[in-house]
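Here is what each chain is made of, one letter per residue.
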Amino acid sequence: QHYFIQSNLRAHLKMHPTTVILLKLLFTFSSSSSLPFFNESVAHPAGVPPISPPPTTLYGEKINSPPFLKYGENISPSTPNPVLLFHGVTEDYKRLDTLVERLKKDFPSAMIHPIKLFPHVESILPLKLQSYELRKYIENLNITSKITIIGHSQGALTTRDMIQHWDNHNIATFISLVGPHVGVCCIPTWIPIRVDNATISSICYSSQTKVGQMISFCNMWNDPQRQAEYRESNAFLPPSLCQTERKSCEEQGSNLNRLRKLVLVGTPDDDTVIPFESTLFGYYNKDWEMVPREKQDFYTLLGLEEQEKSGRLDQYIMPGVGHQEMVENENVYNTCVKPYIT
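Quantities reported herein were computed from a predicted structural model and do not represent experimental measurements.

Definitions and limits used
- Residues numbered from 1 in each chain as written.
- Predicted model: local features only at pLDDT ≥ 70, side-chain atom pairs only at ≥ 80, totals over all residues.
- Heavy atoms only, no water.
- Helix = DSSP H or I, 4+ residues; strand = E, 2+ residues; numbered from the N terminus.
- Buried < 20%, exposed > 50% of the residue type's maximum accessible area, 1.4 Å probe, protein only.
- Areas by Shrake-Rupley, 256 points an atom, 1.4 Å probe, with all protein chains shown as cover.
- Pairing = 2+ DSSP bridges.
- Right-handed = clockwise from strand over helix to strand, strands pointing away.
- Arc of directions from axis to C-beta.
- Contact = heavy atoms within 4.5 Å.
- Disulfide = S-S within 2.5 Å.
- Salt bridge = Lys/Arg side-chain N within 4 Å of Asp/Glu carboxyl O.
- Axes fitted to C-alpha atoms, helices over the stretch in contact; angles between N-to-C directions.
- Phe/Tyr/Trp six-rings, centres within 6.5 Å; stacked < 30°, edge-to-face > 60°.
- 1 Å grid on protein atoms, 1.4 Å probe; cavity = no way out; pocket = protein on both sides within 12 Å on 5 of 7 lines; lining within 4 Å.
- Points joined across faces, edges and corners; volume = space filled by probe spheres on them.
- Nonpolar A, V, L, I, M, F, W, Y, C, P; charged D, E, K, R; others polar.
- pLDDT = per-residue confidence, 0-100.

Undergrad: Can you walk me through the overall build of the chain in this structure?
TA: Along the chain, the regular secondary structure elements total 13 helices and ten strands. Buried positions account for 57% of the 342 residues belonging to the chain. When the accessible surface of the chain is totalled, it reaches about 14,300 Å², and 51% of it is carbon and sulfur.

Undergrad: Just checking my understanding: could you explain the pairing of strand S6 (residues 171–177) for this structure?
TA: Regular strands have side chains that alternate between both faces of the sheet. Where burial is concerned, most of S6 is hidden: seven out of the seven residues are buried. Bridge count for strand S5 (residues 147–152) against S6 is six bridges, and the pairing is parallel. Note that in S6 the partner of Thr148 across the bridge is Thr173. Taking the sense of rotation as the criterion, the β-α-β connection linking S5, helix H5 (residues 154–164) and S6 turns out right-handed. Here S6 runs beside strand S7 (residues 261–266); their pairing, made up of five bridges, is parallel. The residue bridging Phe174 from the neighbouring strand is Leu262, located in S7.

Undergrad: What is the right way to read helix H3 (residues 97–106) from this model?
TA: In an α-helix there are 3.6 residues to a turn, and that puts residues three or four apart on one side. The complete set of buried residues in H3 reads Leu99, Val100 and Leu103. With its buried residues spanning 100° around the axis, H3 presents them on a single face. Turning to H3, the residues buried within the fold contact strand S3 (82–86), strand S4 (111–114), S5, S6 and helix H13 (330–337).

Undergrad: Explain the state of the cysteines to me, please; I cannot follow it from the model alone.
TA: One way to say it: the disulfide is the covalent bond shared by the sulfur atoms of two cysteines. By the definition in use, this model includes two disulfides. At a sulfur-sulfur separation of 2.1 Å, the disulfide partner of Cys204 is Cys218. Handedness of the Cys204-Cys218 disulfide follows from its S-S torsion of about -70°: it is left-handed. One end of the pair, Cys204, is in helix H6 (residues 197–204); the other, Cys218, is in helix H7 (residues 216–219), and 14 residues separate them in sequence.

Undergrad: It is not clear to me how the pattern of salt bridges should be interpreted in this structure. Could you clarify?
TA: A side chain of one charge can pair with a side chain of the opposite charge when the charged atoms of the two come close. Inspection of the entire model under this criterion finds ten salt bridges. Of the charged contacts in the structure, one is a salt bridge between Arg95 and Glu91, with a shortest N-O distance of 3.4 Å. A salt bridge links Lys338 to Asp106, with the nearest nitrogen and oxygen atoms 3.8 Å apart. Of this pair, Lys338 sits in the segment after H13 while Asp106 is found in helix H3, placing the two residues 232 residues apart along the sequence.

Undergrad: Whenever I open this one, the sheet that holds S3 confuses me. Can you help?
TA: Strands in a sheet are paired, the pairing made by backbone hydrogen bonds, and the direction either parallel or antiparallel. What the six strands build is an open sheet, ordered S4-S3-S5-S6-S7-S10; its pairing is parallel. Every other strand in the sheet has two partners, leaving S4 and strand S10 (313–317) as the edge strands with one partner each. Averaged over all pairs of adjacent strands, the angle between their axes in this sheet comes to 15°, without regard to strand direction. H13 rests against S5, S6, S7 and S10 of the sheet, and its axis sits at about 150° to S6.

Undergrad: I would appreciate a short explanation of the packing of aromatic side chains in the present structure.
TA: What describes a pair of aromatic rings is the distance from one ring centre to the other and the angle between the planes of the rings. Under the criterion given, the structure shown has five aromatic pairs. A ring pair is formed by Tyr283 and Tyr284, whose centres lie 6.2 Å apart and whose planes are at 55°; its orientation type is tilted. Overall, Tyr284 belongs to the partly exposed group, its relative accessible area being 26%. Feature note: the residues Tyr283, Tyr284 and Trp288 constitute an aromatic cluster, connected by ring pairs.

Undergrad: Please clarify how empty space enclosed by the protein should be interpreted in this entry.
TA: Gaps left between atoms show up when a probe the size of a water molecule is rolled over them. Using the criterion set out here, one finds two cavities of 30 Å³ or more in the structure. In this structure, the second largest cavity spans a volume of roughly 30 Å³. Every residue lining the second largest cavity is listed: Leu99, Arg102, Leu177, Met326, Val327, Glu328, Asn329, Val332, Tyr333 and Val337. Of all elements in the fold, only H3 and H13 reach the threshold of two or more residues within the lining of the second largest cavity. Here the lining of the second largest cavity is built from residues that sort into seven nonpolar, one polar and two charged.

Undergrad: Where do I start with the confidence of the model for the chain in this structure?
TA: Low-confidence regions, as indicated by low pLDDT, have predicted coordinates that should not be scrutinised in detail. Scored by pLDDT, the chain comes out at a mean of 81, with 75% of its residues at no less than 70. The low-confidence segment residues 1–23, where pLDDT is below 50, has 53 contacts with residues more than four positions distant or belonging to other chains.

Next comes the structure, spelled out in structure tokens:
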């Protein structure tokens, strides 16, 4: 049922290319009691079957690989300095063109590869699925050398989850550009829909249809005042933060700790990730007081404490740079990206 819904939801969403329409669909779906339940018990990452029937083209490009995904170009496994980039929600790999061109200019011998997964409306599919398919994509590149991966926004959150669930990965450096690692608590200010938090929480945490958790936005929704519902109903974020399923936390923390360098980049001028401190693993408590990452329950469990003490976690706060500007701003590139490409 879970994948049947995904397939039909995907086909329907292709008719609605804007974020505003996607949010309207979310409200529409949440009120429907006739839709089959979303199976939150699906294991991650095992047990994800092909989606059938797969399309033969996606946004004008022929697909010759697993369902609706176009895997990477042929790359030599020993390619030096491989740098992979993963885009944010409602975007595609072309959104990273400015960053890609700068990297190619400064590192001509490096393999710079924007990841061609989940373009545009496909990017609102469940983050569990995206994390799993991202790992498959990278494994199919057959890279044996150490990888640097740059994630923007939702792409950074998905990348982190992938790393945590990938034993013996060969990712050396992870650069997170405004990734909502502890979630969001407000609709982005640039979306012309004003809805109170209680309504959004009721949709995302619905125990009736559970369709909300099929939308990536709801996978990131973390209501500070409804934590019990959040931990019970959010199928993605609490397990990714070791807030549930504690038995797997040691393994997740160990995998994240394999990184030689974790780079967190945020901006107080973020109009999309609210609060912006989520990009640095901070978040509100139930009284709307900001709790920094070192006081979060997951700080030690995820290995962030060990990374910070060993000098392997770097943090940058870049005022004056908007959320979408992160992948284009020259100062961000020179300060937060370029020094970490080796």
